[in-house]
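Examination of the molecular architecture
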Amino acid sequence: MILHVDMDAFYASVEVRDRPELAAKPVIVGGRPGSRGVVAAANYVARRFGVHSAMPSATALKLCPEAVILPVRMAYYAEVSRAIRAIFRTFTPVVEPLSLDEAFLDCSASECLFGSSADIGRRIKRTIRDELDLVASVGVAPNKFLAKLASDLDKPDGFVVVQPEGVRAFLDPLPVERLWGVGRVASTRLARLGIRTVGQLRDASSDVLEALFGRAGSHLRELSRGIDHRAVVPDHLAKSISHETTFATDIADREILRARLLELTEQVARRLRRLGLEARTVQVKLRRSDFQTITRAHTLSSPTDMTQEIWQIADQLLRTGLVRGPGPLRLIGVGVSGLEEPAPRQQTLFEDESRARGRRLDAAVDDINGRFGKRALRRAAELKH
Amino acid sequence: MKFVIEKEALLVPLQFVNGAVERRQTLPILSNILMRISAEELTLSATDMEVEMVAKLALAGGEAGDVTVPARKITDICRALPNGAEIAVAVKDGRLSLRSGRSRFNLSILPAEDFPNLEGLVEARDFTIRREQLKRLLERTQFAMAQQDVRYYLNGLLLERTGRRLRAVATDGHRLALCETELDGQGGADFEGVIVPRKGVLELSRLLAEGKDDVRVAIGGQAIRVSGDGVQLTSKLIDGKFPDYTRVVPGPEQCTRRLSTDRELLRQSLSRAAILSNEKYRAVRLCLEGGILRILAHNPEQEEAEEEVEISYEGDTLEVGFNVAYLIDALGAIPSETVRMDLMDGSSSCLIRSADDDGCQYVVMPMRL
């Protein structure tokens, strides 16, 4: 069985934990409204007013004028996140973090030590509450897809177990929008066919789905049957590392796209270095307003873990990708694959000065951001909004 | 034009000048050899516009004329004729006819006046050097030249002269070979580093391999010419700036760890350990401690090699990784019985010399394992 552990309103909960007097008030963590800031997280009191993350802070304040706005303390959340992962690892080494506040765990091999996966899920939830004074929602299910659905179902403070024999009963009544990959556009198309629940989708003919969604159609059918074969991959065994971001509003300005892509590239490169790996292939993913997705990849002659070198390729791929699909984008992402342990490195007599400087820069940035949070020191080009 | 010659007399110079001919050519005439005949001399030349090779041989009673013929074909024919065969060569009806015994060949020709040459690139200033000396400079450094490196100025050999000292330097950026020699004569002038391209160096080694006379070396702004014993090689120079190699040759006083040992034993141990090193990276680990050098190698199949060599050693314990091929190359180029290796630490270069400091130094950068 797979566990999906998702912290409830993570950044906001951490802030409220440290200032209990805020507990009953709407709390928003994010940028100031004057500086075009957006909501990074909102506690459940604020959410009742319609506030949600990625919303401009100014809009949030209009919905909820008495909200307390707090600055984002990323380094601190990262520290708390490390403490949470440490709790996970007391139960299983197979932990795949998705972000600071959620992770998949495969506890199959730990059941003989700690009891059933459901028991482990309960103990993790309790330990996080006792030791860190934070609330997690936990889903326990036969695979990642179902576990993630389960953790979300009864949020906040949820705990949902889906047994293999209960998959159908669990899935069938859910609206189709709960499936990965079904957004506004897809759900409208399905609704026209009278398909509103996962159960109805499961009964739909494969031809119809194929005609409507192409290859994604068969994937949808699998999901509607609760099938998902992806394994939980701990970070250090990853075959690829990628980061992507969906914009609050679609972006067409190339310089802003470059700034966001550079930020993601820096994150990918830093993870690569932290894992002590080098990558051979760089891939850029663009999704246009009409959901058309474009990916472009390039393979290097020798693997690298340098931000500068990965960025050079990513920037180039963005350019060629935009030629193919100009116009505003709703999502941008960058990933690296072909990961390998760094080869024995032959030292050189005549150091390539720009490379050497790039390496020193990466080391300094990693060091500073490791101590003060991942956005403490950034490349100026990332600041374009 | 017309001449008669014995097979061996023609084949040797033909094979020599053939070295300049590239398999793939941009100009058809560059796959030809130029033959210039006077009453008592035959001159053969070939070029790829970078390197030009010329050989002269004596003739008895030739009929003057110039022509170019396909280099490989005439060489192959000449080689395949029986030993001692007499060959009659003549131009007839716009073709070159070759007759020997009962064999007849007619080869296509191209006009001699279209044949390019590197004349005019070389200045008159030249100096004489003993063939053995120049040969030694090349032999002991050329293996360290880069091959098809984007840093094009490394794909060659640096030559420079200060007073009577002539120095050759080659490096591929990972290791470096430096060798110098004292000129006997006074001719010629100092010159700053010129870079002879890889092909020119390899062909020059062939030129120096045979014969015993001194050779003349002329160096101009764009080319170098070496001549002697009826053969001559002209090579364009690489127009680029060689890196400041003096900065990367460590002074012996910088090296706090010094070892000396039997060169051949060390070379053999390294060659054996190399068998089980990673085929791609060729990494070996050297562990220096007391009077023992341990050489460790392993490969992705988890096979392992360990060698021990007795050394005389001053300095603290040290572990350092190297590309074993670089060490073997350097040890192979040193003729002496005892070799010295001077090291600083695990991330600095290693200086390798023969025990009787003979003017040759090898610098090898370590590998981070």
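These numbers come from a predicted model, not from an experiment.

Calculation rules
In this numbering scheme, every chain counts its residues from 1 along its sequence in written order. Chains carry letters and ligands carry numbers; both start at the beginning, A for chains and 1 for ligands, and go up in the order they are written. Where totals are concerned, whole chains, interfaces and linings use all residues; where local detail is concerned, this predicted model gives features only for residues with pLDDT of at least 70, and gives and counts side-chain atom pairs only at 80 or more. No hydrogens and no water enter the side-chain calculation; it runs on all heavy atoms of the structure. Only when DSSP finds a minimum of two bridges between them are two strands counted as paired. In this text, helices come from DSSP runs of H or I with a minimum length of four residues, and strands from runs of E with a minimum of two, each type numbered from the N-terminal end. Interaxial angles span 0 to 180 degrees and are taken between N-to-C directions of axes, which are lines fitted to C-alpha atoms, for helices over the stretch in contact. Think of it in three bands: with a 1.4 Å probe and only protein chains considered, a residue is buried below 20% of the maximum accessible area for its type, exposed above 50%, and partly exposed in between. Whether two residues are in contact is decided by their heavy atoms: any pair within 4.5 Å suffices. A pair of aromatic rings is counted whenever rings of Phe, Tyr or Trp (Trp by its six-membered ring) have centres within 6.5 Å, and the orientation is called stacked for planes under 30 degrees apart, edge-to-face for over 60 and tilted otherwise. Placement of a charge over a ring requires the Lys NZ or Arg CZ to be within 6 Å of the ring centre, with the centre-to-atom vector within 35 degrees of the ring normal. Reported orientations rely on four angle classes, namely roughly parallel under 35 degrees, roughly antiparallel over 145, roughly perpendicular from 65 to 115, and oblique for the rest. Left-handed describes a crossing whose near helix is turned anticlockwise from the far helix through less than a right angle; right-handed describes the clockwise counterpart. Here the quantity called buried area is the accessible surface, traced with a 1.4 Å probe, that two parts lose on coming together, added over both. Salt bridges are identified by distance alone: a Lys or Arg side-chain nitrogen within 4 Å of an Asp or Glu carboxyl oxygen. Each polar contact in these results corresponds to two N or O atoms within 3.5 Å; when the atoms are within protein, one needs to be able to donate a hydrogen and the other to accept it, and residues that are neighboring in sequence are counted only if both atoms are side-chain atoms. All residues other than Ala, Val, Leu, Ile, Met, Phe, Trp, Tyr, Cys, Pro, Asp, Glu, Lys and Arg, Gly among them, are scored as polar; the first ten of these are nonpolar and the last four charged.

Next up on the list: the sheet that holds strand β9 (residues 240-251) of chain A. Residues and elements named next belong to chain A. Strand order in the open sheet formed by four strands is β9-β12-β10-β11, with antiparallel pairing between adjacent strands. Strands with a single pairing partner mark the edges of an open sheet, and in this sheet they are β9 and β11 (293-304). If you compare each strand with its neighbour and ignore which way they point, the axes differ by 10° on average. Sheet topology places strand β10 (residues 278-288) next to β11; eight bridges connect them, and they run antiparallel.

Within the span of helix α1 (residues 10-18) of chain A, buried status applies to Phe10(A), Tyr11(A), Ala12(A), Val14(A), Glu15(A) and Val16(A). Residues of α1(A) that are buried in the fold lie against β1 (2-7), β2 (27-30), β3 (39-42), β4 (68-70) and α4 (74-89) of chain A.

Turning our attention to the packing of aromatic side chains. Across all of its chains, the model carries eight aromatic pairs over all chains by this definition. Ring geometry for Phe91(A) and Phe114(A): centres 5.2 Å apart, planes at 65°, overall edge-to-face. Here Phe91(A), found in the loop between α4 and β5 (95-99), pairs with Phe114(A), found in helix α5 (residues 111-114); they are 23 residues apart in sequence, far enough to count as distant. For Phe114(A), a relative accessible area of 23% translates into the label partly exposed. Measuring from centroid to centroid gives 5.5 Å for Tyr152(B) and Tyr153(B), while their planes differ by 75°, and the two rings are edge-to-face. Among the aromatic residues, those joined into a cluster by ring pairs are Phe10(A), Tyr11(A), Tyr76(A) and Tyr77(A). Positioned above the aromatic ring of Tyr44(A), the side-chain terminus of Arg47(A) is 4.5 Å from the ring centre. Positioned above the aromatic ring of Phe127(B) is the side chain of Arg161(B), whose terminal nitrogen or guanidinium carbon lies 4.9 Å from the ring centre.

What follows is about the packing of helix α13 (residues 254-274) of chain A against helix α14 (residues 307-324) of chain A. To describe two helices that pack against each other, one gives the angle between their axes and the distance between the axes. Residues and elements named next belong to chain A. Contact geometry of α13 with α14 gives a least axis separation of 9 Å together with a crossing angle of 140°. Relative to α14, the element α13 is oriented oblique. Handedness of the crossing formed by α13 with α14: right-handed. In this structure, α13 uses Arg254, Leu257, Arg258, Leu261, Leu262, Thr265, Glu266, Ala269, Leu272 and Arg273 to contact α14, whose residues at the interface are Thr307, Ile310, Trp311, Ala314, Asp315, Leu318, Arg319 and Leu322.

The next subject is the side chain of Thr307(A). Residues and elements named next belong to chain A. For Thr307, the position within the fold is in helix α14. Under the relative-accessibility criterion, Thr307 is labelled buried at 0%. Look past the residues within four positions of Thr307 in its chain and what remains in contact with it is Thr265, Glu266, Ala269, Arg273, Asp362 and Arg379.

Okay, the interface of chain B and chain A next. The partner chain A presents nine residues to the 19 residues of chain B that form the contact. Surface buried jointly by chain B and chain A totals about 1400 Å² across both partners, of which 63% is contributed by carbon and sulfur atoms. When residues of chain B are sorted by the area they lose upon contact with chain A, Tyr281(B), Met365(B) and Arg368(B) head the list and together hold 37% of the total. Put simply, chain B and chain A have zero salt bridges between them. At the boundary of chain B with chain A, the tally comes to five residue pairs in polar contact (both at pLDDT 80 or more). Going through the elements one at a time, β12 (175-182) and β26 (367-368) of chain B are the ones with two or more residues in the side of chain B that touches chain A. Taken together, the residues of the side of chain B that touches chain A break down into eleven nonpolar, four polar and four charged.

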